[in-house]
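Residue-level listing of the chains:
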Amino acid sequence: MPRSRPSHSPERVAHAACSVSDLLEVLWGRGQEASPSGPLPPSQFRALTVIKEQKKVNQRTLGEALGSRPSAVSRLCDRLEAAGLIERLPSTTSRREVDLCLSRRGSAVLEKFRTLRMREVEAVLETMSPDHLATLAEGLELFQAAAGAHIGLRSEANADDGPATAIA
């Protein structure tokens, strides 16, 4: 006889997700400490992630995805450009806007940080049973799609990289 799953309210699941998020921050911090280029501030990591997912994006769209004010996004982009992580290019759709895209260095830095973070998470996942891994993977894929839609990321961007790598 199949085991029934307990009912979970969005509030209860959100609490569990926040607890997991706290633990992920610790794991990811451990991974960043191993980086030869040093730590990448969370705001910069989030911005690079959004820009990568969108391929190119203007500052307004980046600000909406990050939930940040225009002035904060402008300063963030200035720092990212000064570090050689992004490039500002004339927009192909508007003469008043610029498009943001990852530079080669930005792509390499983002990939290195994702790899280091993934190693830390893989070490935890290796302790889980195959059934639990399958359940977790299914739930994470569904959450990823819902979260991407909530913050306005294009669904085709997520499909390009596959469900496991789209948002780190």
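Scanning the chain for helices and strands turns up 7 helices and 2 strands. In sequence order, the chain lays out its α and β elements as α-α-α-α-β-β-α-α-α. Expressed as a percentage of the 168 residues in the chain, the buried residues total 29%. When the accessible area of the chain is evaluated, it comes to approximately 11300 Å², of which 58% is carbon and sulfur surface.

Attention shifts here to the nonpolar core. In terms of nonpolar packing, the biggest core is built from 21 residues, with Leu40, Leu48, Ile51, Leu62, Leu80, Ile86 and Leu100 touching the most fellow members. Counting only elements with at least two residues in this core, the list comes to α2 (42-54), α3 (59-66), α4 (70-82), β2 (98-102) and α5 (104-125). Counting residues per element, this core draws most heavily on α2, at 5 residues. Once residues lying within four places of it in the same chain are set aside, the contact partners of Ile51 are Lys56, Val57, Leu62, Ile86, Leu100, Cys101 and Leu102.

This prediction gives the chain a mean pLDDT of 83; 82% of its residues lie at or above 70. Within the model, the stretch residues 156-168 combines pLDDT values under 50 with 29 contacts to residues more than four positions away or in other chains.

A few words on the pattern of salt bridges. For the structure shown, the criterion picks out 5 salt bridges. The salt bridge involving Asp99 is made with Lys56; its shortest N-O contact spans 3.7 Å. Here Asp99, found in strand β2, pairs with Lys56, found in the loop between α2 and α3; they are 43 residues apart in sequence, far enough to count as distant. For Lys56, a relative accessible area of 41% gives the class partly exposed. A salt bridge links Arg60 to Glu64; its shortest N-O distance comes to 3.5 Å. Of this pair, Arg60 and Glu64 are both found in helix α3, 4 residues apart, which corresponds to roughly one turn of the helix.

Calculation notes
- Residues numbered from 1 in each chain as written.
- Predicted model: local features only at pLDDT ≥ 70, side-chain atom pairs only at ≥ 80, totals over all residues.
- Heavy atoms only, no water.
- Helix = DSSP H or I, 4+ residues; strand = E, 2+ residues; numbered from the N terminus.
- Buried < 20%, exposed > 50% of the residue type's maximum accessible area, 1.4 Å probe, protein only.
- Areas by Shrake-Rupley, 256 points an atom, 1.4 Å probe, with all protein chains shown as cover.
- Core = buried A, V, L, I, M, F, W, Y, C linked by side-chain atoms within 4.5 Å.
- Contact = heavy atoms within 4.5 Å.
- pLDDT = per-residue confidence, 0-100.
- Salt bridge = Lys/Arg side-chain N within 4 Å of Asp/Glu carboxyl O.

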